[in-house]
Amino acid sequence: MNEPADEQWTRLLSFYDRIVPAVRAVDPDHILFLEGNTFSMDFSGFTDVFPNSVYAIHDYCGFGFPNRIGRYQGLKEQDEYIRKMYDRKAAFMK
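On a predicted model such as this, the values are computed, not experimentally measured, just so you know.

A. A look at the overall build of the protein chain. Looking only at helices and strands, one finds three helices and two strands in the protein chain. The order of helices and strands in the protein chain, counted from the N terminus, is α-β-α-β-α. Taking 94 residues into account, the globule formula puts the C-alpha radius of gyration at 12 Å, and the protein chain, at 16 Å, lies well above it. Along the first, second and third principal axes, the C-alpha set of the protein chain runs to 50 × 25 × 20 Å. Burial statistics for the protein chain: of 94 residues in total, 31% are counted as buried. Looking at the protein chain alone, contacts between residues at least 24 apart form 44% of all its contacts between residues at least 6 apart. Split by element, the accessible area of the protein chain, about 6,600 Å² in all, is 58% carbon and sulfur. One way to put it: in the protein chain the 11 positive side-chain charges average out to a point 6 Å from where the 14 negative ones average out.

Here's what the structure looks like:
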């Protein structure tokens, strides 16, 4: 599933709880790629890790999009912000 977005968090996690065992019953060996919530940028609702699975993030940086943080200008503060946001998204994956 590409870029799930579940406001309630319960549907995505229960979907993974159902689909992973069903896939494993047919194919126990291949790696599963599972994405985080909110367009694969949020793993805060995850507590369990499925074996032989990859937790894939999408790292959409806010710079360049029409929003309140503005355009990327190569500033040290912007680079620090980008790193902080990436590290937050990747913490569960790692």
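B. Fine view of the packing of aromatic side chains. For the structure on display, the rule yields nine aromatic pairs. Consider the rings of tyrosine 16 and phenylalanine 46, whose centres lie 6.1 Å apart with planes at 45 degrees: the pair is tilted. One end of the pair, tyrosine 16, is in helix 1 (residues 10-26); the other, phenylalanine 46, is in the loop between helix 2 (37-40) and strand 2 (53-56), with 30 residues separating them in the sequence. Owing to a relative accessible area of 4%, tyrosine 16 belongs among the buried residues under this scheme. Pairing tyrosine 55 with phenylalanine 92 gives two aromatic rings, centres 5.2 Å apart and planes at 90 degrees, and the pair type is edge-to-face. Linking tyrosine 55 in strand 2 with phenylalanine 92 in the segment after helix 3 (76-90), this pair joins segments that are 37 residues apart in sequence. Exposure remark for tyrosine 55: the relative accessible area of 5% places this residue in the buried category. Note on phenylalanine 92: relative accessible area 22%, which makes it partly exposed. Taken together, the ring pairs in this structure connect Trp9, Phe15, Tyr16, Phe43, Phe46, Tyr55 and Phe92 into an aromatic cluster.

C. Spotlight on the nonpolar core. Core analysis: the biggest nonpolar cluster contains 12 residues, these being Trp9, Leu12, Tyr16, Val20, Leu32, Leu34, Phe43, Phe46, Phe50, Tyr55, Ile57 and Ala90. Broken down by secondary-structure element, the contributors of at least two residues to this core are helix 1 and strand 1 (32-35). At three residues, helix 1 tops the list of elements feeding residues into this core.

D. Molecular detail of the environment of histidine 58. Turning to its location among the elements, histidine 58 is positioned in the loop between strand 2 and helix 3. Given the relative accessible area of 18%, histidine 58 is considered buried. Taking the C-alpha atoms as reference points, histidine 58 and methionine 41, 17 residues apart in sequence, are found 5.6 Å from one another. In this structure, histidine 58 is in contact with Asn2, Glu3, Glu35, Phe39, Ser40, Met41 and Lys89, ignoring residues within four places of it in sequence. Among the polar contacts listed, one links the side chain of histidine 58 to the side chain of glutamate 35, at a separation of 3.2 Å.

Rules used throughout
Residues numbered from 1 in each chain as written. Predicted model: local features only at pLDDT ≥ 70, side-chain atom pairs only at ≥ 80, totals over all residues. Heavy atoms only, no water. Helix = DSSP H or I, 4+ residues; strand = E, 2+ residues; numbered from the N terminus. Rg over C-alpha atoms; globule rule 2.2 N^0.38 Å. Buried < 20%, exposed > 50% of the residue type's maximum accessible area, 1.4 Å probe, protein only. Contact = heavy atoms within 4.5 Å. Areas by Shrake-Rupley, 256 points an atom, 1.4 Å probe, with all protein chains shown as cover. Lys, Arg positive; Asp, Glu negative; His and termini not counted. Charge placed at Lys NZ, Arg CZ, Asp CG, Glu CD. Phe/Tyr/Trp six-rings, centres within 6.5 Å; stacked < 30°, edge-to-face > 60°. Core = buried A, V, L, I, M, F, W, Y, C linked by side-chain atoms within 4.5 Å. Polar contact = N/O pair within 3.5 Å; in protein donor to acceptor, adjacent residues only side chain to side chain.

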